[in-house]
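Letter by letter, the chains look like this.
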Amino acid sequence: SLRGNVCRPFQQNQMLTPREGDDAMYPDVLVVCSDGRDEDPTVDEATVIVEVVSKSSREGDYEFKWESYREIAALRHYLIVEQDKRGVSKKRAA
């Protein structure tokens, strides 16, 4: 639950680098619940990540990005929103 935490939402202009050496990613929406500074151009963790997928991005969002995102210790929810049809998939990090 995010209740009781100081969390900040960011749109697609916030760079996320979950692991050192990984390519930077720009999720459509992410929520950060940490003491990071607001002016940091890059974050290395998020509590919630939302990706809106199209036909061309579906494979990357379901597979490649999830492989990196699931290593984020703070991650609680990864939501994948289908652009072309009704549907939201939810993945939970261990």
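See above for the structure.
Residues numbered from 1 in each chain as written. Predicted model: local features only at pLDDT ≥ 70, side-chain atom pairs only at ≥ 80, totals over all residues. Heavy atoms only, no water.

Caption draft 1: Geometry of the pattern of salt bridges. Summed over the entire model, instances satisfying the criterion amount to three salt bridges. Across the salt bridge formed by R70 and E67, the nearest N and O atoms sit 3.9 Å from each other. For E67, a relative accessible area of 41% puts it in the partly exposed group. (Salt bridge = Lys/Arg side-chain N within 4 Å of Asp/Glu carboxyl O. Buried < 20%, exposed > 50% of the residue type's maximum accessible area, 1.4 Å probe, protein only.)

Caption draft 2: Spotlight on the environment of Q12. Note on placement: Q12 falls in the loop between β1 (8–11) and β2 (15–16). Q12 sits 38 residues away from V50 along the chain, and the two C-alpha atoms are 9.7 Å apart. With near-sequence residues (within four places) excluded, Q12 lies in contact with Y26, P27 and D28. (Helix = DSSP H or I, 4+ residues; strand = E, 2+ residues; numbered from the N terminus. Contact = heavy atoms within 4.5 Å.)

Caption draft 3: Structural detail: the nonpolar core. Formed by 17 residues in total, the largest nonpolar core has its most connected members in L16, L30, I49, Y69, I72, L75 and Y78. If we ignore the near neighbours within four places in the chain, the residues touching L30 are R8, P9, F10, Q14, V43, A46, V48 and I49. (Core = buried A, V, L, I, M, F, W, Y, C linked by side-chain atoms within 4.5 Å.)

Caption draft 4: Just the pairing of strand β6 (residues 77–82), in detail. As paired elements, strand β5 (residues 48–53) and β6 share six bridges and run parallel to each other. The partner of V48 across the bridge, within β6, is H77. The sheet contact formed by β6 and strand β7 (residues 88–91) spans four bridges and is antiparallel. Across the sheet, residue Y78 finds its bridge partner in β7, namely K91. Two successive antiparallel strands, β6 and β7, enclose a turn made up of five residues. (Pairing = 2+ DSSP bridges.)

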